[in-house]
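# Close look at the chain arrangement
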Amino acid sequence: VSSLAVYNGKLYAGLGTDEFASGQNGDVYVYDGSTWSVSYNGSQGAILGLAVYNGKLYAGQGTATGAGDVLVYDGSTWDTSYNGGQEEIFGLAVYDGKLYAGQGNDPGNGDVYVYDGSTWSLNNDVSGIDATHSFGVYNGKLYAGQGISTGDGDVIVLDAGNQVNSTKINFS
């Protein structure tokens, strides 16, 4: 299980792995309090992130080139919200009324995209960073955890207004 989220009173679990995915196991299961069942039967290797935004469930997926998409579920139907060009959408987060998605798996592909409810746009083009894996909101700011390779372990701060703060913490 790569991700969990609560949506419409039920627990959703994104399955799969971003490393060495064998077979197509990028499914989303739903738990109603007594039974697990398949909500989405995926064709990708993993559902790596789940988030609820504007009354819908969003799922980041992928493990192959061009498979880094964001799916959206309205309670009855799954559809594609963002058709990405990178390998994976790792983390999803809601901040300041927008949905953020971290992508990548190769040098220079660790970009952050933002969805305002109608349009996806590039929020942060990070040169040299392999991937944006996680997000956290702290003291009114959005933090993004980045990196895969040695020396890539950075946390950047994204301020409101789609600007990147110069604060960068390296954990290499």
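Before going into details, it helps to say that this report is about the structure given with it. Fair warning: this is a prediction, and the values are worked out from it, not measured in the lab.

The helix and strand tally for the chain stands at 0 helices and 16 strands. Looking at the chain as a whole, 47% of its 172 residues qualify as buried. In the chain, 32% of the contacts between residues at least 6 apart in sequence involve partners at least 24 apart. Looking at the chain as shown, the accessible area adds up to about 8000 Å², and 45% of this sits on carbon and sulfur atoms.

Here we come to the pairing of strand β5 (residues 47–53). A large share of β5 lies buried, amounting to 6 of its 7 residues. By the bridge criterion, 6 bridges tie β5 to strand β6 (residues 56–61) in an arrangement that is antiparallel. Within β6, the position partnered with V52 by the bridge is L57.

This part takes up the sheet that holds strand β1 (residues 3–7). Taken together, the 4 strands give an open sheet; going across it, the order is β1-β2-β3-β4, and neighbouring strands pair in antiparallel fashion. If you trace the sheet from one side to the other, it starts and ends with β1 and β4 (36–40), each paired once. With direction set aside, neighbouring strand axes in the sheet form an average angle of 30°.

Burial within strand β10 (residues 98–103) is extensive, with 5 of its 6 residues counted as buried. Counted along the chain from strand β9 (residues 89–95) to the antiparallel partner β10, the turn is 2 residues long, and its residue D96 has a positive phi close to 55°. Relative to strand β11 (residues 112–115), β10 runs antiparallel, the two sharing 4 bridges. Bridging across to β11, G102 finds its partner in V112.

Here we take up the environment of I89. Among the secondary structure elements, I89 is positioned in strand β9. A relative accessible area of 1% means that I89 is categorised as buried. Taking C-alpha positions, I89 is 7.2 Å from G49, a pair spaced 40 residues apart along the chain. Setting aside chain neighbours within four positions, we find I89 in contact with L48, G49, G60, Q61, G68, D69, V70, Y82, A101, G102 and Q103.

What follows covers the sheet that holds strand β8 (residues 78–82). Taken in spatial order, the 4 strands line up as β5-β6-β7-β8 in an open sheet, and their pairing is antiparallel. Unpaired on one side and paired on the other, β5 and β8 mark the two borders of the sheet. Here the strands of the sheet are splayed against their neighbours by 30° on average, with no regard to which way each runs.

Attention shifts here to the packing of aromatic side chains. Evaluated as defined, the whole model comprises 14 aromatic pairs. Where Y95 meets Y100, the ring centres are 6.1 Å apart and the plane angle is 55°; that geometry is what we call tilted. Judged on exposure class, the residue Y95 and its partner Y100 are both buried. Counting every residue linked through ring pairs, the aromatic cluster contains Y53, Y58, Y82, Y113, Y115 and W120.

Its identity is not glycine, yet N8 carries a phi of approximately 50°, on the positive side. Structurally, N8 can be placed in the loop between β1 and β2 (10–14). With a phi angle near 50°, N139 is a residue other than glycine that sits in the positive phi range. Following the sequence through the fold, N139 ends up in the loop between β13 (132–138) and β14 (141–146).

Within the secondary structure, G97 is located in the loop between β9 and β10. Between the C-alpha atom of G97 and that of Y53, which follows or precedes it by 44 residues, the distance is 8.4 Å.

Thresholds applied
- Residues numbered from 1 in each chain as written.
- Predicted model: local features only at pLDDT ≥ 70, side-chain atom pairs only at ≥ 80, totals over all residues.
- Heavy atoms only, no water.
- Helix = DSSP H or I, 4+ residues; strand = E, 2+ residues; numbered from the N terminus.
- Buried < 20%, exposed > 50% of the residue type's maximum accessible area, 1.4 Å probe, protein only.
- Contact = heavy atoms within 4.5 Å.
- Areas by Shrake-Rupley, 256 points an atom, 1.4 Å probe, with all protein chains shown as cover.
- Pairing = 2+ DSSP bridges.
- Axes fitted to C-alpha atoms, helices over the stretch in contact; angles between N-to-C directions.
- Phe/Tyr/Trp six-rings, centres within 6.5 Å; stacked < 30°, edge-to-face > 60°.

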